[in-house]
Amino acid sequence: MASLNERKVAVVGCGFVGSASAFALMESGLFSEMVLIDVNKDKAEGEALDISHGLPFAKPMSIYAGDYKDAADAAVVVVTAGAGQKPGETRLDLVKKNIGIFKSIIPEIAKYNKEGILLIVANPVDILTYAAAKLSGFPENRVFGSGTVLDTARFKYLLGEHLDIDSRSVHAFIIGEHGDSEIAAWSSANVSGIPINDFCEMRGHFEHEKSMNKIAENVKNSAYGIIEKKGATYYGIAMSVRRICEAIIRDEKSILPISSIQHGDFGIDDIALSMPAIVGRNGVEGAVPIKLSDQEKEALKASATTLKEVLKEAF
Ligand code: 6V0
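Computed from a prediction, not measured in an experiment: that's the story for all the values here.

### As for the sheet that holds strand 10 (residues 190-191)
The strand order 7-10-11 describes an open sheet built from three strands, whose pairing is antiparallel. The sheet is open, and its two edges are formed by strand 7 (170-171) and strand 11 (194-195), each paired on a single side.

### Here we look at the UniProt feature "binding site: beta-D-fructose 1,6-bisphosphate" (unreviewed entry) in the protein chain
The UniProt record marks Lys-156 and His-171 with the feature "binding site: beta-D-fructose 1,6-bisphosphate" (unreviewed entry), using the residue numbering of this structure. Spanning 16 residues, the named residues form one tight spatial group whose C-alpha atoms are at most 7.3 Å apart. Within the secondary structure, Lys-156 is located in helix 5 (residues 149-163). Turning to its location among the elements, His-171 is positioned in strand 7. Taking the relative accessible area as the measure of exposure, His-171 reaches 40% and is therefore partly exposed.

### Some points on the pairing of strand 16 (residues 283-287)
Two faces make up the sheet, and in a regular strand the side chains alternate between them. Strand direction decides the pairing type here: strand 15 (residues 277-280) and strand 16, joined by four bridges, are antiparallel. Note that in strand 16 the partner of Val-279 across the bridge is Val-284. Hairpin geometry of strand 15 and strand 16 is characterised by an intervening segment of two residues between the two adjacent antiparallel strands.

### Considering the site of the ligand
The environment of the ligand is made up of 27 residues, and the closest members are Phe-16, Val-17, Asp-38, Val-121 and Asn-123. Within the backbone of Ala-83, an N or O atom sits 3.0 Å from an oxygen atom of the ligand. His-178 places a polar side-chain atom, nitrogen or oxygen, 3.2 Å from an oxygen atom of the ligand. Burial of the ligand by the protein chains amounts to 84% of its free accessible area of 860 Å². When contributions to the shell around the ligand are tallied by element, the ones reaching two or more residues are helix 1 (16-28) and helix 3 (95-112). Among the elements that take part in the shell around the ligand, helix 3 stands out by supplying four residues, more than any other. Tallied by class, the residues present in the shell around the ligand amount to 14 nonpolar, twelve polar and one charged. Two domains each provide a minimum of three residues to the shell around the ligand, namely domain 1 (3-143) and domain 2 (147-312).

Definitions and cut-offs
Residue positions are given per chain, counted from 1 along the sequence in the order it is written. Since the coordinates come from a predicted model, pLDDT governs what is reported: local features require at least 70, and pairs of side-chain atoms require 80 or more to be given and counted, while whole-chain, interface and lining totals use all residues. Side-chain numbers come from the whole structure's heavy atoms, not from hydrogens or water. A pair of strands is treated as paired once DSSP finds two or more bridges between them. Numbering of helices and strands runs from the N terminus, with a helix taken as a DSSP run of H or I at least four residues long and a strand as a DSSP run of E at least two residues long. UniProt positions are given in the numbering used here, feature names are shortened, and annotations may be inferred rather than shown by experiment. Exposure classes here rest on a 1.4 Å probe applied to the protein chains alone. A residue is buried below 20% of its type maximum, exposed above 50%, and partly exposed in between. We define proximity as follows: a residue is near a molecule or strand when any one of its heavy atoms falls within 4 Å of that partner. N or O atoms within 3.5 Å of each other form a polar contact, as long as, within protein, one can give a hydrogen and the other can take it, and as long as residues adjacent in sequence are counted only when both atoms are side-chain atoms. The Shrake-Rupley method, run with a 1.4 Å probe, gives the accessible areas here. Residue values count only the displayed protein chains as cover. The nonpolar class holds Ala, Val, Leu, Ile, Met, Phe, Trp, Tyr, Cys and Pro. Asp, Glu, Lys and Arg form the charged class, and all remaining residues, Gly among them, are polar. Note that the domain bounds reflect an automated or database-derived domain assignment.

Here it is, written out as structure tokens:
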């Protein structure tokens, strides 16, 4: 069994999301080796060469196209392989197609790599995270999805724009499904410790309910809007992948809303969805059950029910 190389990452699926993630990971300097795997070997080779040609402007690193054997010692395996969301198609529509793909990919990864972390990005990410945990047989702390890390970034960005402040000073989470039933956890949102509604008033915004609904809807529809205009979304998710890998490899113990299998918090069990969690070198190192209003708790349960129904049909 290959022992892990702490400075190695594998990216499975080299389409828009996989190649943008590979580029973001190269720029991050976190890894010294990266293997790109795709059923379309030419695509993986082309991306590996293209990204490698930027190395004289970055940090030394080996980037190549390979096979699952080459991922045996990767500390993190990022899985983006799957069909993309077509205009008008919901993420949940993709489920059957992508579970089929996972049934061929995940056992191959697990055959060679026994100790690494599986970071699932393909959609529907919550369902595929659950499927990957079951198909790999890995302990649950080592299999998680990018979940609502991207949605949360969109939420912070939009709140930053709304309030005309640096989005990094906004502390707020999107939780639940990465998709149509996701929830903006407005009741715990704050700007540098100041409750969001108080901060809104400081900036001249008084219609909290209206602002909240507008921003939450905008977050939820972001992907649809971008896909409508340019066919796919990939830069935002690539930067989310980079951020999650950073938390893992640098053992940051950062609190990120990744998707992982839940065990009873808020009455939600045996389904993967996003809640803030501590992310470090051991993967998911603990849940952070933030305070939610009764309405948010109900919405979270409804999100879990939606996912459970899909899972029952598809897996
Ligand atoms: P794409 O550009 O079609 O790329 C998919 C890649 O997967 C292609 O290069 C395929 O050749 C490859 N592939 C397909 N089957 C296999 C297989 N069996 N083994 C290896 N490789 C395979 O899609 P795109 O990159 O745009 O999207 C990939 C996935 O990411 C989709 O499921 C998207 O819905 C999802 N996204 C997830 C996001 C998130 O926030 N989690 C955000 C954006 C997209």
